[in-house]
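Architecture and fold: a report
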Amino acid sequence: MTQYPVLVSSCLAGIPCRYNGKAKANPAIVEAVARGDAVAACAEELGELSTPRPPAEISGGDGNDVLEGRAAVLDVNGEDVSRQFVAGAQKVADLVQREGITEAILQDRSPSCGCGSIYDGSHSGKLVAGDGVLAALLKRRGIKVSGSPAS
């Protein structure tokens, strides 16, 4: 980790906030948060989505397209949860700005945090190139975003 705070996905820090109510703890990230070298946040919970919640994927593009209104985040039941994803991403981006954070390590493949690869919107497990909503917003703001390291 670096000497300045890094943003990390809360689930990587061991917080059970994923859609299925579980965490995906990465020991190095858990330690970094405990030391104060990283700040954990979950855009989906900050967007007022419940935990657990139906799984969601971006349909019709990636996070940039959602931010531009050209694509939607749909849960497995077909409910459009784009508004919550964008609102949560905005809250995390505001936190990043307040804290002077310049780097983020986010959960792979997530419709919020995915960096470079996300699920295709079919809920079939197929991956496509693209970023989640939070990853796209942070990149637009000049934040260095990377996917989670192997645990």
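Structural data are supplied above this passage.
Being a predicted model, the structure only gives us computed values, none of them experimental. (Residues numbered from 1 in each chain as written. Predicted model: local features only at pLDDT ≥ 70, side-chain atom pairs only at ≥ 80, totals over all residues. Heavy atoms only, no water.)

1. Points about the overall build of the protein chain
Of regular secondary structure, the protein chain possesses 5 helices and 8 strands. When its helices and strands are written in sequence order, the protein chain yields β-α-β-α-β-α-β-α-β-β-β-α-β. Computed over the C-alpha atoms, the radius of gyration of the protein chain is 14 Å, within 12% of the 15 Å expected from 2.2 N^0.38 for a compact globule of 151 residues. Along the first, second and third principal axes, the C-alpha set of the protein chain runs to 40 × 30 × 25 Å. For the protein chain, the residues scored as buried account for 43% of the 151 residues in total. If you take every contact in the protein chain between residues at least 6 apart in sequence, the share linking residues at least 24 apart comes to 61%. The average position of the 15 basic charges and that of the 18 acidic charges among the side chains of the protein chain differ by 2 Å. (Helix = DSSP H or I, 4+ residues; strand = E, 2+ residues; numbered from the N terminus. Rg over C-alpha atoms; globule rule 2.2 N^0.38 Å. Buried < 20%, exposed > 50% of the residue type's maximum accessible area, 1.4 Å probe, protein only. Contact = heavy atoms within 4.5 Å. Lys, Arg positive; Asp, Glu negative; His and termini not counted. Charge placed at Lys NZ, Arg CZ, Asp CG, Glu CD.)

2. Notes on the environment of P111
As for its position among the elements, P111 is in the loop between β5 (103–106) and β6 (117–119). Classification of P111 by relative accessible area gives buried; the value is 12%.

3. Overview of the pattern of salt bridges
One side chain can pair with another of opposite charge once the charged atoms of both are near each other. Following the criterion strictly, the structure yields 7 salt bridges and no others. For the salt bridge of R70 with D65, the shortest nitrogen-to-oxygen distance reads 2.9 Å. With a relative accessible area of 54%, R70 lands in the exposed category. Looking at D65, the relative accessible area reads 18%, which means it is buried. The salt bridge partner of R141 is D94, with a shortest N-O separation of 3.8 Å. Here D94 lies in helix α4 (residues 82–99) and R141 lies in the loop between α5 (133–140) and β8 (144–147), a separation of 47 residues in the sequence. Note on R141: relative accessible area 38%, which makes it partly exposed. Classification of D94 by relative accessible area gives partly exposed; the value is 32%. (Salt bridge = Lys/Arg side-chain N within 4 Å of Asp/Glu carboxyl O.)

4. Some words on the nonpolar core
Within the largest apolar cluster, 28 residues are counted, with the highest numbers of intra-cluster contacts made by L7, V73, L106, L134 and L138. When residues no more than four places from it in sequence are discounted, the contact partners of L134 are A43, A89, V92, L106, S112 and C113. Counting 11 residues, the second largest nonpolar core, distinct from the first, contains V6, C17, C42 and I105. (Core = buried A, V, L, I, M, F, W, Y, C linked by side-chain atoms within 4.5 Å.)

5. Section: the side chain of Q84
When you line up the elements, Q84 lands in helix α4. Those residues in contact with Q84 that sit more than four places away from it in its chain are A43, G47 and L49.

6. Some words on the packing of α4 against α5
In a packed pair of helices, the relevant descriptors are the angle between the two axes and the axis-to-axis distance. For the pair α4 and α5, interaxial distance at closest approach is 9 Å and the crossing angle is 40°. Classed by the angle they form, the pair α4 and α5 counts as oblique. Our pair here, α4 against α5, has a crossing hand that is right-handed. On the side of α4, the interface is formed by F85, V86, A89, Q90, V92, A93 and V96, while α5 contributes V133, L134, L137 and L138. The residue inventory of the contact of α4 with α5, partitioned by class, reads 10 nonpolar, 1 polar and no charged. (Axes fitted to C-alpha atoms, helices over the stretch in contact; angles between N-to-C directions. Parallel < 35°, antiparallel > 145°, perpendicular 65-115°, else oblique. Left-handed = near helix turned anticlockwise from the far one by under 90°. Nonpolar A, V, L, I, M, F, W, Y, C, P; charged D, E, K, R; others polar.)

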